[in-house]
Amino acid sequence: MPDLAEIGEDKSLLLVDDDEPFVRRLAKAMEKRGFDVETAESVAAGRAISTARPPAYAVIDLRLVDGNGLDVVETLRERRPDSRIVVLTGYGAITTAVAAVKMGATDYLSKPADANDVVNALLAPQGELPPPPENPMSADRVRWEHIQRVYELCDRNVSETARRLNMHRRTLQRILAKRSPR
């Protein structure tokens, strides 16, 4: 658990995620670690809070019910350039990680990430990488991420994606229909 001095004087933390049970659990865990937590469940609510009361820290889900969490990152970065932002998503891919960092995110974590991983990412010294996660992605998950990335780059065209991956179209459809591996 971090020392309160590590968090700094401003302990404000914004959590933006449309998964209500997850937000409640993470908010409670972050409060126990010394943060002053405020939550939002949509891009609109996250942008409103970022504009009115820009927090020192933020954890923002990439895919929200009303749009893309990167819009909240952009708003927060405009209002408070020194804020530490972690983009968190269940649909992780290299392209979205790069986009999040270019927009100003400090780090990018795939769900499920526990509170310790989030705190480590938020409090990592500037320019240093946080310690590796306790539960890194499996090889199956890395493969799935790559397939998802190519699929997105092909504008979600199954035939084109299968051709580029040198894979049978039906095999690709079965992989896309399944949930992501852990």
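Before reading further, recall that the structure is shown in the block above.
All values derive from a computational prediction rather than experimental measurement.

Points about the packing of aromatic side chains
And step 1. Enumeration according to the criterion identifies 1 aromatic pair in this entry.
And step 2. With 5.3 Å between their ring centres and 85 degrees between their planes, F35 and Y57 make a pair best called edge-to-face. Here Y57 lies in strand β3 (residues 57-61) and F35 lies in the loop between α2 (20-32) and β2 (36-40), a separation of 22 residues in the sequence. Take F35 and Y57: they sit in the same class, and that class is buried.

Here's the deal with the side chain of S42
And step 1. Its location among the elements puts S42 in the loop between β2 and α3 (43-52).
And step 2. Looking at S42, the relative accessible area reads 17%, which means it is buried.
And step 3. Setting aside anything within four residues of it in sequence, one finds S42 in contact with V16, L64 and D66.

A short note on empty space enclosed by the protein
And step 1. In the structure shown here, the tally under the stated rule is 1 cavity of 30 Å³ or more.
And step 2. Computed from the structure, the largest cavity encloses a volume of approximately 40 Å³.
And step 3. In terms of lining residues, the largest cavity is bounded by L15, V16, D17, F22, V23, L26, V59, I60, D61 and L88.
And step 4. Counting only elements with at least two residues in the lining of the largest cavity, the list comes to β1 (12-16), α2 and β3.
And step 5. Within the lining of the largest cavity, the residues separate by chemical class into 8 nonpolar, no polar and 2 charged.

So, the nonpolar core
And step 1. Of all hydrophobic cores here, the largest spans 21 residues; its most connected members are L13, L26, M30, F35, V59, V118 and L122.
And step 2. Of all the elements in the fold, those that place two or more residues in this core are β1, α2, β3, β6 (84-89) and α6 (115-123).
And step 3. At 6 residues, α6 tops the list of elements feeding residues into this core.
And step 4. In this structure, M30 is in contact with L13, F35, V37, A115, V118, V119 and L122, ignoring residues within four places of it in sequence.
And step 5. Counting residues in hydrophobic clusters, the runner-up holds 19 residues, among them L14, A40, A58 and A105.

A short note on the packing of α2 against α6
And step 1. Axis separation between α2 and α6 bottoms out at 10 Å; the angle between their running directions is 60 degrees. One finds that α2 runs oblique with respect to α6. Considering how the two elements wind past one another, α2 and α6 form a crossing that is right-handed. Here L26, A29 and M30 of α2 come into contact with α6, specifically with A115, V118, V119 and L122.
And step 2. Grouping the amino acids of the contact of α2 with α6 by side-chain chemistry returns 7 nonpolar, no polar and no charged.

Focus: the sheet that holds β6
And step 1. Strand order in the open sheet made by the 5 strands is β2-β1-β3-β6-β7, with parallel pairing throughout. Both edges of this open sheet fall to β2 and β7 (107-110), since each of them pairs with a single strand only. On average, each strand axis in the sheet is tilted by 20 degrees relative to the strand beside it, whichever way the strands run.
And step 2. Both β1 and β3 contribute to a ladder of 4 bridges, which runs parallel. Within β3, the residue paired with V16 across the bridge is I60.
And step 3. α2 contacts β1, β2, β3 and β6 of the sheet and is inclined by roughly 165 degrees relative to β2.

Reading the values: the criteria
- Every chain is numbered on its own, with residues counted from 1 as its sequence reads.
- Residues qualify for local features only when their pLDDT is at least 70, as the model is predicted, and side-chain atom pairs are given and counted only at 80 or more; totals for whole chains, interfaces and linings, by contrast, use all residues.
- Remark: hydrogens and water are excluded; side-chain values derive from all non-hydrogen atoms of the structure.
- Pairing of aromatic side chains here covers Phe, Tyr and the six-membered ring of Trp, requires ring centres within 6.5 Å, and sorts the geometry by plane angle: under 30 degrees stacked, over 60 edge-to-face, intermediate tilted.
- Comment: elements are numbered from the N terminus, with helices defined as DSSP H or I runs of at least four residues and strands as E runs of at least two.
- Any residue under 20% of the maximum accessible area for its type is buried, any over 50% is exposed, and the rest in between are partly exposed; the area is computed with a 1.4 Å probe on protein chains only.
- Whether two residues are in contact is decided by their heavy atoms, any of which lying within 4.5 Å being enough.
- Here a cavity is any set of points on a 1 Å grid over the protein atoms alone where a 1.4 Å probe fits but cannot get out, and a pocket is any open set with protein on both sides within 12 Å along at least 5 of 7 lines; a residue lines the site when it has an atom within 4 Å of a point.
- Grid points are joined across faces, edges and corners, and a volume is the space filled by probe spheres set on the points.
- Throughout, the ten residues Ala, Val, Leu, Ile, Met, Phe, Trp, Tyr, Cys and Pro are labelled nonpolar, Asp, Glu, Lys and Arg are labelled charged, and all others, Gly among them, are labelled polar.
- Residues belong to a common nonpolar core when they are buried Ala, Val, Leu, Ile, Met, Phe, Trp, Tyr or Cys residues joined through side-chain atoms within 4.5 Å.
- Where helices are involved, their axes are fitted lines through C-alpha atoms of the stretch in contact, as for all axes, and angles between N-to-C directions lie from 0 to 180°.
- Should an angle lie under 35 degrees it is considered roughly parallel, over 145 roughly antiparallel, and from 65 to 115 roughly perpendicular; all remaining angles are considered oblique.
- Left-handed describes a crossing whose near helix is turned anticlockwise from the far helix by less than a right angle; the clockwise case is right-handed.
- When DSSP finds two or more bridges between a pair of strands, those strands are recorded as paired.

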